[in-house]
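Read off the chains here:
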Amino acid sequence: MKIIVVGTGFVGLPHAAVIAEYGHEVYAYDIDEARIAAYQSGEAARIEAYVNEPGLSAAIAENLNRYLFFTTDISDIVEGTDIFFFCLNTPPKLDGSTDLSFYLKAAHHVAELLANREDLTRVVLVNKSTVPIGTARLLEQVMNEHNVKNFGVASNPEFLAQGNAVDGSRKPDRVTVGADTEEDFQILRRLYAQFVNHVRIRYLETTPETAESIKYVANNLLLSYISFWNGVGARLGETFPNIRMEDLKIGVTSDTRISTWGSYVSNGAGGSCFGKDIQSLIYQLNQAGRSTDLLQAVYNINEHQKTYLIDRAVHEANFSFNQKSVAVLGLAFKKRTNDMRDSAALKVVETLLARGVSEVRAYDPLANDAARSYWFNPDNNHLFSRISYHNSAKEAIAGSDALYISTDWEEFRGLSRTIQTTVKPPYLVIDGRRMIRDFDSLVGSGFEYLPVGGSLLKSNAAETK
Ligand SMILES: NC(=O)c1ccc[n+]([C@@H]2O[C@H](COP(=O)([O-])OP(=O)(O)OC[C@H]3O[C@@H](n4cnc5c(N)ncnc54)[C@H](O)[C@@H]3O)[C@@H](O)[C@H]2O)c1
């Protein structure tokens, strides 16, 4: 089949690379010329500067210019295309609604090109982007406006988790296809032939509106799990003595009806999807006059988690951030990615700067470069000039008065020793991910330890739990 993937970011690039593995002729198209040049080079470092996913650059190199082609211009290649996938960014607007401008611009461009094609075989236009319920109809309208002939629209939402994009695309839990006609279902069955009768992977065919809703309900339910543990589990562990959070988690999730996924306490979930998708669903339901109390609570709890440990440090540890140097470990929204979109660290660092810290000593194994562009520092007087970037946790910790663990990178599990050999008490360790297992030795050496889901630990036995 001939396929054009429109938009080659975190979703479009792994999708294009993996469907090229099935031997289809795949054109990955983007308006960002530098990005396309980097992908076209086949060089891992250049590709990873844009999308850093395990196995992705190898998958690209394998099929580059064989089944997988990159382009910034599709005007000459639309003839004979069976499927277009729309993988455009759909960011939130200030009121929570979805900004469809990137999506619509691409849709109109494709429609203009399709309106002039000579080969009128069926073409299916598929939304992979997360878009408000009813957007497949909007796409249909755009195609009709341009008088495109013999097309179908479909919704095939993407469920991949960043950090696992390639494996997740090769072996998804389910493939959800919402379309209107048997002919369009058949075209997508040809593309996804290996999944259609798979013993484990669920291949679901439904209406476009149902497929669009599945994406929103699934993402919001996942965030609800996280907010439940943060809003209830963490509060319990921080309130009552002698609760072992890890045991609580095991005891509760041993019930097979209860999800193990999301059953942890943290400094909030970030990433490009959770926050924006819940705001969008709240907006969509509010517009229809429906109640959104549950969704609003889930959202509020998640946002609260991102910075409340800073307040706890002030109130429980009597720590004043003013003129202090704080190491922030982990900037990406989760481990194994350089993506900082909606990362808790963004709020943490900005809150610390607002609290008057003299210095933020930042370190992330992958996201230092991404962070530099977020906290662009136009002149040396800017508040962001107080952020310095370091090549290791040890280097970031050196000379600091406190540290804050924001991302669950595995390497932070061994920090207890690094801390003890690099800085001296008084020193406060704020653990937003409960990464440090041997906190006993830290506390025994005079350090203060403030974890999410637990009370402040310090060497005075009466005040520990
Ligand atoms: N990131 C995730 O983990 C994830 C998971 C599931 C679903 N989604 C959804 O998938 C969609 C894409 O997300 P993403 O993270 O890949 O976004 P992204 O910002 O990483 O990528 C979007 C790409 O589209 C390109 N683009 C913008 N306008 C264009 C145009 N007119 N023509 C061609 N290309 C254009 C941009 O240059 C960019 O490369 C969003 O709707 C998102 O909600 C994302």
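All of these numbers come straight from a predicted model, not from anything done at the bench.

> Just checking my understanding: could you explain the packing of aromatic side chains for this structure?
To describe a pair of aromatic rings, you give the distance between the ring centres and the angle between the ring planes. As enumerated under the stated definition, the model contains 12 aromatic pairs in all. For the pair Phe319 and Phe321, a centre-to-centre distance of 4.9 Å together with 65 degrees between the ring planes defines the contact as edge-to-face. For Phe319, a relative accessible area of 12% puts it in the buried group. An aromatic cluster is present here, built from Tyr22, Tyr192, Phe195 and Tyr203 joined pairwise through their rings. Its guanidinium or amino end placed over the ring of Phe159, Arg174 lies 3.5 Å from that ring's centre, counting from NZ or CZ.

> I'm lost on the domain arrangement of the protein chain in this one. Help?
How large an interface is tends to be reported as the accessible area lost when its parts come together. Each assigned domain of the protein chain is listed with its residue range as follows: domain 1 (2–206), domain 2 (216–303) and domain 3 (306–463). Inter-centroid distance (C-alpha atoms) of domain 2 to domain 3 is 23 Å. Of the residues lining the interface, 17 residues belong to domain 2; the matching set on domain 3 comes to 22 residues. Both sides together, the interface formed by domain 2 and domain 3 hides about 1,500 Å², and carbon and sulfur atoms give 44% of it. Counting the surface domain 2 buries against domain 3, the share from its top three residues, Glu238, Asn267 and Glu303, is 41%. In this structure, the connection of domain 2 to domain 3 is made through four salt bridges. A salt bridge links Glu303 to Lys306, with the shortest nitrogen-to-oxygen separation between them at 3.1 Å. When residues of the side of domain 2 that touches domain 3 are traced back to their parent elements, those giving at least two are α10 (208–239), α11 (245–253) and α13 (293–305). Take the side of domain 2 that touches domain 3: its biggest share by element is four residues, from α10. Residue composition of the side of domain 2 that touches domain 3, by class: four nonpolar, nine polar and four charged.

Parameters at a glance
Residues numbered from 1 in each chain as written. Predicted model: local features only at pLDDT ≥ 70, side-chain atom pairs only at ≥ 80, totals over all residues. Heavy atoms only, no water. Phe/Tyr/Trp six-rings, centres within 6.5 Å; stacked < 30°, edge-to-face > 60°. Buried < 20%, exposed > 50% of the residue type's maximum accessible area, 1.4 Å probe, protein only. Lys NZ or Arg CZ within 6 Å of the ring centre and 35° of its normal. Domains from an automatic or database assignment. Contact = heavy atoms within 4.5 Å. Buried area = accessible area lost by both parts, 1.4 Å probe. Salt bridge = Lys/Arg side-chain N within 4 Å of Asp/Glu carboxyl O. Helix = DSSP H or I, 4+ residues; strand = E, 2+ residues; numbered from the N terminus. Nonpolar A, V, L, I, M, F, W, Y, C, P; charged D, E, K, R; others polar.

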